[in-house]
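# Structural features, examined
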Amino acid sequence: MGAAAMTAGASLRQPLDWRQINWRRAQRNERRLQIRIVKAEQERKKRKVRALHRILVRSSSGRAVAGRRVTTKRGKQTPGVDQVVWDTPEQKTQAVADLREQTKRPQPLRRVSIPKSSGGNRHLGIPTLHDRARQALHLLGLEPLAETRADPNSYGFRSARSTADAISQCFGRLSRKTSAQWVLEGDIRAGFDGSSHEWLKAGYVEEGNGYPTEAGTPQGGVLTPPTILPNSL
């Protein structure tokens, strides 16, 4: 094990038993690595950022925290195309162990349609729990980068920001006598349609039929592009 991994306090091969996990310690280890990622990014040490990200996504602490996220949040009983949910400690222990495999191809999304009040349907792509946990695991390493690179006055899809923060900033900037008189609103047409990533091209299953996805982005996963990309560009 390298020096960086040893000082991070996050074992790469430590066997886990879901019932025996010290969650406070796991979250402390994960937080320590995230702080180191932010520091390396601020110092523009790209190789160190990548090394720390690899350590985090392979660590026992990171895998445990990611597994816990998808088994405690709303949707934990909503399966993907494999119809698998993690109900027992034994299933969760095995699921965390399976996250060691970094090359497994994502399974297709299970597509469901939710009626809109304004008419029509909103389509959601539901990943399997394993793919959701993988996304949550990589989010642990990507979110510190997104927060470090983000514009200080961006508020959308930020984990520690809210609409109230945006309103407060607008009031502070626009309530002065010397404030700007115009507010411009812009939108990037099909901004995510050209995004390239393995999760985005896993395909989807609807009513028992499989379909490829060549463009666009899914809604319904832990790590869909709107949660990260706008704040990291």
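Notes on the structure in this doc start here. (Residues numbered from 1 in each chain as written. Predicted model: local features only at pLDDT ≥ 70, side-chain atom pairs only at ≥ 80, totals over all residues. Heavy atoms only, no water.)

### Brief notes about helix H2 (residues 23-42)
Along an α-helix, a turn takes 3.6 residues, which lines up residues three or four apart on a common side. An ideal rise of 1.5 Å per residue puts 28 Å on 20 residues; H2 measures up with 28 Å between its terminal C-alpha atoms. Taken together, the buried positions of H2 are occupied by Trp-23, Ala-26, Asn-29, Glu-30, Leu-33, Gln-34, Ile-37, Ala-40 and Glu-41. The buried residues of H2 occupy an angular sector of 135° when the element is viewed end-on, so they sit on one face. Turned more than 90 degrees away from the buried face of H2 sit Arg-24, Arg-31, Lys-39 and Gln-42, all of them exposed. Structurally, the start of H2 carries an N-cap: the backbone nitrogen of Arg-24 is 3.3 Å from a side-chain oxygen of Asn-22. (Helix = DSSP H or I, 4+ residues; strand = E, 2+ residues; numbered from the N terminus. Expected span 1.5 Å × (residues − 1). Buried < 20%, exposed > 50% of the residue type's maximum accessible area, 1.4 Å probe, protein only. Arc of directions from axis to C-beta. Polar contact = N/O pair within 3.5 Å; in protein donor to acceptor, adjacent residues only side chain to side chain.)

### Considering the pattern of salt bridges
Applying the stated criterion to the full structure yields 4 salt bridges. For the salt bridge of Arg-149 with Glu-41, the shortest nitrogen-to-oxygen distance reads 3.1 Å. You can see Arg-149 sitting in helix H6 (residues 129-149) and its partner Glu-41 sitting in helix H2, a full 108 residues away along the chain. A relative accessible area of 39% places Arg-149 in the partly exposed class. On the basis of relative accessibility, which here comes to 9%, the residue Glu-41 falls in the buried class. (Salt bridge = Lys/Arg side-chain N within 4 Å of Asp/Glu carboxyl O.)

### Digging into the packing of helix H3 (residues 46-58) against H6
Packed helices, taken two at a time, are described by the angle their axes make and the gap between the axes. In the contact formed by H3 and H6, the axes pass within 7 Å of each other and the chain directions differ by 145°. Every pair of crossing elements has a handedness; the one defined by H3 and H6 is right-handed. Here H3 contributes Lys-46, Val-49, His-53, Leu-56 and Val-57 to the contact with H6, which in turn contributes Leu-137, His-138, Leu-140, Gly-141, Leu-142, Leu-145 and Arg-149. Grouping the amino acids of the contact of H3 with H6 by side-chain chemistry returns 7 nonpolar, 3 polar and 2 charged. (Axes fitted to C-alpha atoms, helices over the stretch in contact; angles between N-to-C directions. Left-handed = near helix turned anticlockwise from the far one by under 90°. Contact = heavy atoms within 4.5 Å. Nonpolar A, V, L, I, M, F, W, Y, C, P; charged D, E, K, R; others polar.)

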